[in-house]
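The lines below spell out each chain.
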Amino acid sequence: MSKPTILITGGAGYIGSYVNKFIADKGYPTIVFDNLERGDPKTVVRGEFIKGDIRDTSKIKEIIEKHKVQAILHFAAYIDVGESVAHPIKYYENNVAGTISLLKAALATNIKSFIFSSTAAVYGIPSAPLVSENFPLQPINPYGESKLMVEKILKDISNSSDLKYIALRYFNAAGADPDGEIIVSQKGRHNLIPKTLLSILEKSEICIYGTDYDTPDGTCIRDYIHLHDLATAHLLALEKLLQGGSSSIYNLGNGSGFSVKEVLKKAEEVTGEKLRIRPTGRRAGDPPFLAADSKKAKSELGWNPIYGSLEKIISDSWKTMNSLSVN
Ligand SMILES: NC(=O)c1ccc[n+]([C@@H]2O[C@H](COP(=O)([O-])OP(=O)(O)OC[C@H]3O[C@@H](n4cnc5c(N)ncnc54)[C@H](O)[C@@H]3O)[C@@H](O)[C@H]2O)c1
């Protein structure tokens, strides 16, 4: 029996492009819908690409009807925390109003399965290091607020319609397509790993914000999750809903976390280059340790992340960044 068609918003971006490839390779016809404001059509290596904006409800309705779409994976959003603080309306407009527009199209066309890219930012500064889904939701910036607002909207819609949703709260997405087929530019990304690797390519300094935290080496510990492990979780979540499963929320992270110094040391090992490290003071609002408790995803979805090592995450990122700098 042929598999249902999946609409992937934001599928020309960093995470969506890999998930599109992964889901398509499992036999699902996919339609990638992206306005390309922050994406690259070259990263859409499977399925059909349609350029458009999630705020265009009627265009999405048309696509869903024409292609008989049965489920939506919703990645499209702005993701820069600093930018969200400077331009909150822009974030609420795209991430919240944009999602409402998409949901209007989904409800009008009787879509029943909706997977939402949420974030650890919904927890703000958690009271304990290992964060589970029932921790208080206290975002500290408009980006995190926008994602929490969407989670609330999804809950209300799920209570009043046949649409079921799964919100996946990712910690720091990292790594790259292990096959090296999808090359995503990491320029302008604010995560430690791309910033560190870029500092090598650009021969610039990389800062450590705070070396006196109460952690084994004094630097902050964060949870990095490989794109491939994110993709397997999306497939499991999608199939759960397609099989009639109920709405739910899951954390996705590797659980152990790595310190800033561990990341920098591993980056030097993987690249064979010496970093120009500049230790500076702490940044406001940086908790010493932040990692996901992903037990729920493992037990309920049967999720089994396999690329938890820093070596794999950094070497896959380095391969793609290097190929970009060579081309
Ligand atoms: N990268 C991370 O570490 C991380 C962590 C937690 C959650 N997330 C979430 O995962 C999702 C994907 O993140 P990413 O890192 O791939 O970001 P990205 O910026 O690489 O991809 C987002 C894509 O969405 C598209 N887009 C944005 N607004 C759109 C609109 N109005 N209409 C159509 N397309 C639009 C962009 O052009 C881009 O291709 C986001 O929802 C983000 O909030 C990411």
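Model, not experiment: these values are computed from the prediction. (Residues numbered from 1 in each chain as written. Predicted model: local features only at pLDDT ≥ 70, side-chain atom pairs only at ≥ 80, totals over all residues. Heavy atoms only, no water.)

## Looking at the overall build of the protein
This is how it is decided: The helix and strand labels rest on DSSP assignments: H or I over at least four residues marks a helix, E over at least two residues marks a strand, and numbering proceeds from the N terminus. This radius of gyration counts C-alpha atoms alone. The globule rule is 2.2 Å times how many residues there are, raised to the power 0.38. A 1.4 Å probe rolled over the protein chains alone gives each residue an accessible area, and that area as a share of the maximum for its type sets the label: buried under 20%, exposed over 50%, partly exposed in between. Where accessible areas are quoted, they stem from the Shrake-Rupley method and a 1.4 Å probe; at the residue level, only the protein chains shown are allowed to cover. Think of it this way: Lys and Arg go in the positive column, Asp and Glu in the negative one, and His and the chain ends go nowhere. Positions of charges follow a simple convention, taking NZ of Lys, CZ of Arg, CG of Asp or CD of Glu.
In terms of helices and strands, the protein carries ten helices and 15 strands. Relative to the 2.2 N^0.38 estimate, which gives 20 Å for 327 residues, the radius of gyration of the protein is 19 Å and therefore close to what a compact globule would have. Counting only C-alpha atoms and orienting by the principal axes, one finds that the protein spans roughly 55 × 45 × 40 Å. Expressed as a percentage of its 327 residues, the buried residues of the protein come to 55%. Surface accessibility of the protein: about 14,000 Å² in total, with carbon and sulfur atoms responsible for 52%. Taking the average location of the 39 positive side-chain charges in the protein and that of its 37 negative ones, the two points are 1 Å from each other.

## Some thoughts on the site of the ligand
For clarity, the cut-off: One heavy atom within 4 Å of a molecule or strand makes the whole residue count as near it. Two N or O atoms count as a polar contact when they lie within 3.5 Å, although within protein this holds only if one can serve as hydrogen donor and the other as acceptor, and sequence-adjacent residues are included solely when both atoms are side-chain atoms.
Around the ligand, the structure places 31 residues, and the nearest of them are D34, N94, Y143, K147 and R189. In this structure, N94 approaches the ligand through a side-chain N or O atom, which is 2.6 Å from a nitrogen atom. Here an oxygen atom of the ligand sits 2.6 Å away from a polar atom, N or O, in the side chain of Y143. With the chains in place, 96% of the 830 Å² that the ligand exposes on its own is no longer accessible. When residues of the shell around the ligand are traced back to their parent elements, those giving at least two are helix 1 (14–25), strand 5 (113–119), helix 5 (142–160) and strand 8 (172–174). In terms of residue count, the dominant contributor to the shell around the ligand is strand 5 (three residues).

## Topic: the packing of helix 2 (residues 57–67) against helix 4 (residues 88–108)
A pair of packed helices is captured by two measures, namely the crossing angle of their axes and the spacing between those axes. Just so we agree on the cut-off: In this analysis an axis means a line fitted to C-alpha atoms, helices contributing only their contacting stretch, and an angle means the value between N-to-C directions, from 0 to 180 degrees. Crossing handedness: left-handed means the near helix sits turned counterclockwise from the far one by under a right angle, and right-handed means the same turn made clockwise. Any two residues having at least one pair of non-hydrogen atoms within 4.5 Å are treated as being in contact.
Relative orientation of the contacting elements helix 2 and helix 4 amounts to 40 degrees, with a least axis distance of 8 Å. Two packed elements cross with a definite hand, and for helix 2 against helix 4 that hand is right-handed. The residues of helix 4 that touch helix 2, namely those facing T57, I60, K61 and I64, are S101, L102, K104, A105, A106 and A108.

## Some remarks on the pairing of strand 5
How we decide: Paired strands are those between which DSSP finds at least two bridges.
Within strand 5, seven of the seven residues are buried, which leaves it mostly tucked inside the rest of the structure. Across the two faces of strand 5 the burial is the same, with S113, I115, S117 and T119 and F114, F116 and S118 all buried. Direction of pairing for strand 4 (residues 69–74) relative to strand 5: parallel, over a ladder of four bridges. Of the residues in strand 5, the one forming a bridge with L73 is I115. As paired strands, strand 5 and strand 7 (residues 164–170) are joined by seven bridges and run parallel to one another. Its bridge partner lying in strand 7, F114 is registered against Y165.

## Quick notes on the UniProt feature "domain: NAD-dependent epimerase/dehydratase" (unreviewed entry) in the protein
This is how the line gets drawn: UniProt positions are given in the numbering used here, feature names are shortened, and annotations may be inferred rather than shown by experiment.
Feature annotation in UniProt places "domain: NAD-dependent epimerase/dehydratase" (unreviewed entry) on residues 6–253, given in this structure's numbering. Segment residues 6–253 splits into 38% helix and 21% strand. End C-alpha atoms: 24 Å apart.

## Some points on the side chain of N141
Tracing the backbone shows N141 in the loop between strand 6 (130–131) and helix 5. Looking at N141, its side chain comes within polar contact range of the main-chain nitrogen of G144, at 2.8 Å. Other than its neighbours up to four places away in sequence, N141 contacts V81, S84 and V85.

## Notes on the domain arrangement of the protein
Threshold: Here the bounds of each domain stem from an automatic or database domain assignment. Each of two parts loses accessible area, computed with a 1.4 Å probe, when they are put together; buried area is these two losses added. We count a salt bridge whenever a side-chain nitrogen from Lys or Arg sits within 4 Å of a carboxyl oxygen from Asp or Glu.
Here the protein is partitioned into domain 1 (5–174 + 224–252) and domain 2 (192–222 + 255–326). The centre of domain 1, based on its C-alpha atoms, is set 24 Å off from the matching centre of domain 2. Facing 26 residues of domain 1, the contacting portion of domain 2 comprises 27 residues. For the pairing of domain 1 and domain 2, the buried interface totals around 2,300 Å² over both sides, and the portion due to carbon and sulfur atoms is 68%. Summed over the shared surface of domain 1 and domain 2, the result is zero salt bridges. The interface formed by domain 1 and domain 2 contains 13 residue pairs in polar contact (both at pLDDT 80 or more). Put simply, the parts of the chain that give the side of domain 1 that touches domain 2 at least two residues each are strand 6, strand 8, strand 11 (224–226), helix 7 (227–242) and strand 12 (248–252). Among the elements that make up the side of domain 1 that touches domain 2, the one with the highest residue count is helix 7 (seven residues).

## Focus: the sheet that holds strand 5
Backbone-to-backbone hydrogen bonds join strands into a sheet, with any given pair of strands oriented parallel or antiparallel. What the seven strands build is an open sheet, ordered 3-2-1-4-5-7-12; its pairing is parallel. Two strands in the sheet have a free side with no partner beyond their single neighbour: strand 3 (48–51) and strand 12. In this sheet, adjacent strand axes meet at a mean angle of 20 degrees when their direction is disregarded. The strands that helix 7 touches are strand 1 (5–9), strand 4, strand 5, strand 7 and strand 12; relative to strand 7, the one it contacts most, it runs at about 165 degrees.

## Considering the packing of helix 4 against helix 5
Defined as follows: Angles below 35 degrees are treated as roughly parallel, those above 145 as roughly antiparallel, those between 65 and 115 as roughly perpendicular, and all remaining angles as oblique.
Where helix 4 contacts helix 5, the axes come no closer than 9 Å and their chain directions differ by 20 degrees. When the axes of helix 4 and helix 5 are compared, the pair comes out roughly parallel. Pair helix 4 / helix 5 crosses with right-handed handedness. Along its contact with helix 4, which presents P88, Y91, Y92, N95, V96, T99, I100, L103 and L107, the element helix 5 presents P142, Y143, E145, S146, K147, M149, V150, I153, L154 and I157.

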